[in-house]
Amino acid sequence: MPSPKAKTRSKARAAARLAAVQALYQREMEGTPVPALLHEFHQHRLGAVIEEVEYAEADVLFFDDVVKGVDARKDEIDALIAAKLSADWSLERLDKPMRQILRAGTYELLARNDVPVGAVISEYLDVTDAFYDRREKGFVNGILDAVAKEVRG
């Protein structure tokens, strides 16, 4: 059974992943520079209460790493994802939230060897639940699994 500390870290990372996908979406929609985006999320979103919804305390360093990492390695990440899509689909054809989920998950698979593959995929399936229905979870699972096989062996 996981220790209370491990459970707290797990919840904080889950909150960080969801917030990272939201931040990356905002970056794509509005072109917000990463430093301004991080500042906004640190000050107003992570662990805040907005419209009577309390946002969970997020692992801020983990959040920052995912957002900065996706931004810095976007071309590499997009190429990995695009290679896993069927021939008649392009990355641009995917919904914007879907692109961010796949980018964040791919970044973790590439750069966060401290996080097991199963945990990365499972966590991003949970993030997918926040935006989509069941069908999309299968899509995310398939793409991230294929990316994991390529980048983690």
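Conventions and cut-offs
Residues numbered from 1 in each chain as written. Predicted model: local features only at pLDDT ≥ 70, side-chain atom pairs only at ≥ 80, totals over all residues. Heavy atoms only, no water. Helix = DSSP H or I, 4+ residues; strand = E, 2+ residues; numbered from the N terminus. Buried < 20%, exposed > 50% of the residue type's maximum accessible area, 1.4 Å probe, protein only. Areas by Shrake-Rupley, 256 points an atom, 1.4 Å probe, with all protein chains shown as cover. Arc of directions from axis to C-beta. Core = buried A, V, L, I, M, F, W, Y, C linked by side-chain atoms within 4.5 Å. Axes fitted to C-alpha atoms, helices over the stretch in contact; angles between N-to-C directions. Left-handed = near helix turned anticlockwise from the far one by under 90°. Contact = heavy atoms within 4.5 Å. Nonpolar A, V, L, I, M, F, W, Y, C, P; charged D, E, K, R; others polar. Phe/Tyr/Trp six-rings, centres within 6.5 Å; stacked < 30°, edge-to-face > 60°. Lys NZ or Arg CZ within 6 Å of the ring centre and 35° of its normal. Salt bridge = Lys/Arg side-chain N within 4 Å of Asp/Glu carboxyl O. Expected span 1.5 Å × (residues − 1).

Please clarify how the overall build of the protein should be interpreted in this entry.
For the protein, the count of helices and strands is seven helices and two strands. In the protein, the succession of helices and strands from N to C terminus is α-α-β-β-α-α-α-α-α. By residue count, 42% of the 153 residues in the protein fall in the buried class. Entry remark: accessible area of the protein is about 8,500 Å², with carbon and sulfur atoms responsible for 51%.

Would you mind showing me how to read helix α2 (residues 34-45) here?
Side chains that are three or four residues apart share a direction in an α-helix, a result of its 3.6 residues per turn. Among all positions of α2, only Val 34, Leu 37, Leu 38 and Phe 41 are buried. The arc that holds every buried residue of α2, seen down its axis, measures 100°, which confines them to one face. Among the exposed residues of α2, those oriented more than 90 degrees off its buried face are Pro 35, Gln 43 and His 44.

What is the right way to read the nonpolar core from this model?
Proteins that are soluble and globular tend to have nonpolar side chains buried together. In terms of nonpolar packing, the biggest core is built from 43 residues, with Phe 63, Val 66, Val 67, Leu 102 and Tyr 124 touching the most fellow members. Elements with a contribution of two residues or more to this core: α1 (4-30), α2, α3 (60-72), α4 (74-84), α5 (96-111), α6 (117-129) and α7 (134-152).

Sorry if this is basic, but what is going on with the packing of α4 against α7 here?
When two helices pack together, their arrangement is given by the angle between the helix axes and the distance between those axes. For the pair α4 and α7, interaxial distance at closest approach is 9 Å and the crossing angle is 115°. For the element pair α4 and α7, the recorded crossing hand is right-handed. Facing Leu 80, Ile 81 and Lys 84 of α4, the residues of α7 in contact are Ile 143, Ala 146, Val 147, Glu 150 and Val 151. The class makeup of the residues in the contact of α4 with α7 is six nonpolar, no polar and two charged.

Just checking my understanding: could you explain the packing of aromatic side chains for this structure?
Within a pair of aromatic rings, the relevant descriptors are the distance that separates the centres and the angle that separates the planes. The full count for this structure, using the stated rule, is two aromatic pairs. Above the face of the Trp 89 ring, Arg 93 is positioned so that its terminal group lies 3.7 Å from the ring centre.

What is the right way to read the pattern of salt bridges from this model?
Two side chains carrying opposite charge are able to pair once their charged atoms lie near each other. Taken as a whole and judged by the stated rule, the model has 16 salt bridges. Where Asp 114 meets Arg 13, a salt bridge forms, and the shortest distance between an N and an O atom there is 3.9 Å. You can see Asp 114 sitting in the loop between α5 and α6 and its partner Arg 13 sitting in helix α1, a full 101 residues away along the chain. Put simply, Lys 137 and Asp 129 hold a salt bridge, and the shortest N to O gap is 3.2 Å. Bridged by salt links that share partners, the residues Arg 13, Asp 59, Asp 65, Arg 112 and Asp 114 form one connected network.

Is there a simple way to think about α5 in this case?
With 16 residues, α5 should reach 22 Å at 1.5 Å per residue; the first-to-last C-alpha distance of 22 Å fits that figure. Within α5, 14 of the 16 residues are buried, which leaves it mostly tucked inside the rest of the structure.

Looking at this structure, I do not really get the side chain of Thr 128. What am I missing?
Structurally, Thr 128 is set in helix α6. When sequence neighbours within four positions are dropped, the list of residues in contact with Thr 128 reads Ile 101, Glu 136, Lys 137 and Val 140.

So what exactly am I meant to see when it comes to the environment of Ala 79 here?
In this structure, Ala 79 sits in helix α4. On the accessibility criterion, Ala 79 (48% relative accessible area) is partly exposed. In sequence terms Ala 79 and Leu 91 are 12 residues apart; their C-alpha atoms lie 9.0 Å from each other.

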